[in-house]
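The residues making up each chain are set out below.
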Amino acid sequence: MTSSLKLTMVLAATAAALGAQTHALAQDKVLNLYSARHYQTDEVMYETFTKTTGIKINRVDADDAGIVARLRAEGAASPADVILLVDAARMASADSQGLFQPIKSAKLDAAIPANLRADATADGVTWTGFSTRARVIVYDPMRVKAADVATYEQLADPKLKGMVCTRSGSHPYNLSLFATVVERLGDQKGEAWLKGLVGNMARDPKGGDTDQIKAVASGECGVALTNTYYVARLIKSTKPEDRAVMEKVRVVFPNQGTSGTHVNIAGAAVAKHAKNRDNAVAFMEFLASPYAQDYFANGNNEFPAVKGLKVDNAAIKSMGGDNFKAETVPLGVVSKNMTKVQQMLDRAGYK
């Protein structure tokens, strides 16, 4: 089968799935999208949505903070219909500021696991994850044994004193992880874990996830936390220096024998003052289609959020992440625990 024929069949299938609802869409077939995702593969996904529904997408690109600031400044006059943000903590923060509206969708309920969405209320769900990434441990095999970093809890073990590196504790990637760990361990044990983590730091938190991986490779750190897509980028890189980094480190998907590895999301929500609400819901449902899931996930070396779907990604497979046990703690707890965890970080001296 030719690639063009495959695309034709995919478009036909997607159109059939969405066709039943297009007659109910707004007279003006427009969707205003505020997106913190900046991946070229997403462009094809948006074009396909327009082809199958006739709904034109007007997109505003900015980082997460910029989008939230813009929504707050625009208020009820905002033209935004759908918001795409990266990370559950960012979704939860925007939600807590009243920037989203709940929606009810049987299609999304059936496709996306409940733990990858905001907690459901009588009015519906305010935000939904559409791709996931795992927060893994990278370590130096010359200094650390894999058995010593098999769980997140072990990062606080005195055995790793002077070896752990992370980015800022207040960064959303870490806040989301810490919020779920505290939910599992309870407040007292969770805070003790954070204090132990700080006590094991090789240096003050700084830089991004890629910087942590490189710090392990250079010998500055023995252990670090990172999202899987940063590892995948280095694996796929054609730069000799990046390949050299990956030759010196190993990757562990933590807690495989217990609670599972923490996964975070890139998610979407219907804006509080959406003028094209039906179009927005249609777009959200499109993001859960197998076609969109492939683009949504593979564009950034992520995993699909839809139940049972797999993405064939050589970099993900090479780090052992094509069949791992994922944590099932609902990401809705991020919103509930975020302020509490930040206070714990302050008390622990986590910068």
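Residues numbered from 1 in each chain as written. Predicted model: local features only at pLDDT ≥ 70, side-chain atom pairs only at ≥ 80, totals over all residues. Heavy atoms only, no water.

1. Thoughts on the confidence of the model for the protein
Reasoning step 1: Residue-level pLDDT values for the protein average 91, and 92% of them are 70 or greater.
Reasoning step 2: Note that residues 1-27 has pLDDT below 50 and, in this model, 27 contacts with residues that lie over four places away or in other chains. (pLDDT = per-residue confidence, 0-100. Contact = heavy atoms within 4.5 Å.)

2. Comments concerning the pairing of strand S9 (residues 263-271)
Reasoning step 1: Of all nine residues making up S9, nine are buried, and the element is well covered by its neighbours.
Reasoning step 2: Here six bridges tie strand S5 (residues 128-139) to S9, and the two strands are oriented antiparallel to one another. Paired with Arg133 across the bridge in S9 is Asn264. (Buried < 20%, exposed > 50% of the residue type's maximum accessible area, 1.4 Å probe, protein only. Helix = DSSP H or I, 4+ residues; strand = E, 2+ residues; numbered from the N terminus. Pairing = 2+ DSSP bridges.)

3. Things to note about the layout of surface pockets
Reasoning step 1: Reported here for the largest pocket is a volume of approximately 550 Å³.
Reasoning step 2: In terms of lining residues, the largest pocket is bounded by 26 residues, among which Phe303, Pro304, Leu309, Lys310 and Ala326 are the most central.
Reasoning step 3: Elements supplying a minimum of two residues to the lining of the largest pocket: strand S10 (303-304) and helix H13 (314-318).
Reasoning step 4: Among the residues making up the lining of the largest pocket, the classes are represented as twelve nonpolar, seven polar and seven charged. (1 Å grid on protein atoms, 1.4 Å probe; cavity = no way out; pocket = protein on both sides within 12 Å on 5 of 7 lines; lining within 4 Å. Points joined across faces, edges and corners; volume = space filled by probe spheres on them. Nonpolar A, V, L, I, M, F, W, Y, C, P; charged D, E, K, R; others polar.)

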